[in-house]
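# What the coordinates show
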Amino acid sequence: MNALNNNTTHSCARPPDNTNNSHTMRLHLIAGYIEQIYLVEYPDKLLLLDGCSYNDVPHVLDFVENTLCRPRQDLKLVTVSHLHPDHAGGAHRLRRLVGCQIASLNKSGQWYQGASGLAMYSIDSVLAWYVAYRQRKPLKPLLYCPYLFPDYQLNDGDSLPGFTDWQVLDTHGHTDRDMSLWHPATGQVYVGDVLIKLRHKYVSPFPMYFVKHYYQSLQRIRALKPKYVLMAHGGRQAISDAEWDSILQNAPAQRRTVADTIKHKLLWRPKPKNEAG
Ligand SMILES: [Zn+2]
């Protein structure tokens, strides 16, 4: 795993390979705007495991050209785990600049569909900026086309086009279209936002739309017995059995959305004094 920065404008000092991956594949971790970005390098091509934020795109291309010393056109495929700003925001921009293709899970319609979708997209963008503010990052452009037009819509069990060593998993719950990617040869699974590590604790993402499916998704990832779980927020982690037990025990029992939270706050009334206690 290589923690890297983008101050690499005049030399091609490739990072040392300490990933213990197969000799045909190297995994690079790039610090994104508010998330971690995983770039997979092969001798003849590159794969980006998620669509990153809109403003991460120059940073990713700089890494490809000035750290890996490769042409940007080597980036052949960008997968989009789900439609949130730090996972889908850079996908169309990368395709426009590089000519790569985009793959996502096969779900009908758009996640940010119609007027309510546009409202949700606005809220999610503000939440992403809030995360940046909390991380003491400068406010940068995040807005992108809320409708995704992928080249490939993949089903559970499919292999990634051109990268057949990666297998698609439908792990929805956080949204209706969360896609995880399993790499059996190295025992690594990229989970997007399905699981998050905050400081020393694993937590479920917010919002949470499909509680039952989310729990099944967690069980499914655990059943893979991954050597490493690659998270967009929390890095590359080896998760112990005891930690998995705790993650499953603490999985949310009820859906949690911005609308539900507002409704809950508005409907909340303090108990009359004679009912207290
Ligand atoms: Zn998300």
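This structure is a prediction, so every number in the text was calculated from the model and none was measured.

One open sheet holds the six strands; their spatial order is 8-9-10-11-14-15, and the pairing between them is mixed. Strands at the two margins of the open sheet, each flanked by one partner only, are strand 8 (159-160) and strand 15 (235-237). Both strand 14 (residues 228-231) and strand 15 contribute to a ladder of three bridges, which runs antiparallel. Of the residues in strand 15, the one forming a bridge with M231 is G235.

This paragraph deals with the environment of V229. Within the element layout of this structure, V229 appears in strand 14. Separated by 38 residues in sequence, V229 and V191 place their C-alpha atoms 7.1 Å apart. The residues contacting V229, other than those within four sequence positions of it, are V189, V191, L195, Q237 and I239.

Now for the pairing of strand 14. In strand 14, alternate side chains face the same way, and those of Y228 and L230 on one face and V229 and M231 on the other are all buried. Inspection of the sheet shows strand 11 (residues 188-190) paired to strand 14 by three bridges, in the parallel sense. Its bridge partner lying in strand 14, Q188 is registered against Y228. Counted along the chain from strand 14 to the antiparallel partner strand 15, the turn is three residues long, and its residue G234 has a positive phi close to 140°.

Turning our attention to unusual backbone geometry. The peptide bond linking F206 to P207 adopts the cis configuration, its omega dihedral lying at 0°. Here P207 lies in the loop between strand 13 (201-203) and helix 5 (211-223). A positive phi angle, close to 55°, is found at C69, a residue other than glycine. Looking at where C69 falls in the secondary structure, it is placed in the loop between helix 1 (57-67) and strand 5 (75-79). For K225, which is not a glycine, the phi torsion comes out positive at approximately 55°. Examined against the element boundaries, K225 turns out to sit in the loop between helix 5 and strand 14. A count of 10 C-beta atoms within 10 Å places K225 in the exposed class.

What counts and how
- Residues numbered from 1 in each chain as written.
- Predicted model: local features only at pLDDT ≥ 70, side-chain atom pairs only at ≥ 80, totals over all residues.
- Pairing = 2+ DSSP bridges.
- Helix = DSSP H or I, 4+ residues; strand = E, 2+ residues; numbered from the N terminus.
- Contact = placed C-beta atoms within 7 Å.
- Buried ≥ 20, exposed ≤ 12 C-beta atoms within 10 Å, placed from the backbone.

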